[in-house]
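# Structural characterization, general
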Amino acid sequence: MAKPTAAATLQVHINRFRNFLNFTRAFLKKKNPVKLFITQTKNYFQELMTVKQKIKKIENRINYEKYKLKKTELILAQNSEHVFLRGRSLNQTR
């Protein structure tokens, strides 16, 4: 086997570097990390701006569910005879 010359090894390294640059260019064109970074940053700040509104909606929903629970408990308590309600009904009948 003949030992490759310096010019041949240099040509191999140049071809490998060109291939690497071509793959890098194709990757950047396909994925476009700069554009992706900008859109994700924009979405993040937009999400931050609407956090208070979302928290308020969640609090309103929790309060509504608490209201429904209390209303349901009151209806169930009125329909069943409990010891703590007998005193109230006795006072109302007097």
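Quick look at the structure, then. Each residue is numbered by its place in its chain's sequence as written, counting from 1. Reporting in this predicted model follows two pLDDT cut-offs: at least 70 for local features of residues, and 80 or more for side-chain atom pairs to be given and counted; totals over whole chains, interfaces and linings ignore these cut-offs and use all residues. Heavy atoms from the whole structure form the basis of all side-chain values; hydrogens and water molecules are not counted.

With that settled, the discussion passes to the overall build of the protein chain. Every helix listed is a DSSP run of H or I at least four residues long, and every strand listed is a run of E at least two residues long, numbered separately from the N terminus. When helices and strands are counted, the protein chain shows 4 helices and 0 strands. Start at the N end of the protein chain and walk to the C end: the helices and strands fall as α-α-α-α. The buried share of the protein chain, taken over its 94 residues, is 2%. Exposure was quantified through the Shrake-Rupley algorithm and a 1.4 Å probe, taking into account, for residues, occlusion by the shown protein chains and nothing else. For the protein chain, the computed accessible surface area is about 9,600 Å², with 63% contributed by carbon and sulfur atoms. Buried residues are those whose accessible area, probed at 1.4 Å on protein chains only, stays under 20% of the maximum for their type, while exposed residues exceed 50% and partly exposed ones sit between those limits.

What follows deals with the packing of aromatic side chains. Any two rings among Phe, Tyr and Trp, with Trp reduced to its six-membered ring, count as a pair given centres within 6.5 Å; such a pair is stacked if its planes are under 30 degrees apart, edge-to-face if over 60, and tilted if neither. The tally for this structure, following the rule as stated, stands at 2 aromatic pairs. Ring geometry for Tyr44 against Phe45: centres 5.6 Å apart, planes inclined by 65 degrees, an arrangement best described as edge-to-face.

Moving on to the pattern of salt bridges. Basic side-chain nitrogens of Lys or Arg form a salt bridge, by our definition, when they fall within 4 Å of a carboxyl oxygen of Asp or Glu. Going through the model one piece at a time under the given rule, you end up with 3 salt bridges. Of the charged contacts in the structure, one is a salt bridge between Glu65 and Arg61, with a shortest N-O distance of 3.0 Å. Placement of both Glu65 and Arg61 in helix 3 (residues 51–79) is noted, with a separation of 4 residues, approximately one turn of the helix. Among the charged side chains, a network of salt bridges with common partners joins Arg61, Glu65 and Lys68.

Candidates for patches are residues over 30% relative accessible area with no salt bridge; among them, like charges are joined within 9 Å and nonpolar side chains (Val, Leu, Ile, Met, Phe, Trp, Tyr) within 5 Å. Judged by side-chain polarity, Tyr44, Phe45, Leu48, Val51 and Ile55 come together as a nonpolar surface patch covering roughly 470 Å² of accessible area. Breaking the nonpolar patch down by element, the ones donating at least two residues are helix 2 (33–49) and helix 3. Looking at the secondary structure, you find Phe45 in helix 2. Taking the relative accessible area as the measure of exposure, Phe45 reaches 46% and is therefore partly exposed.

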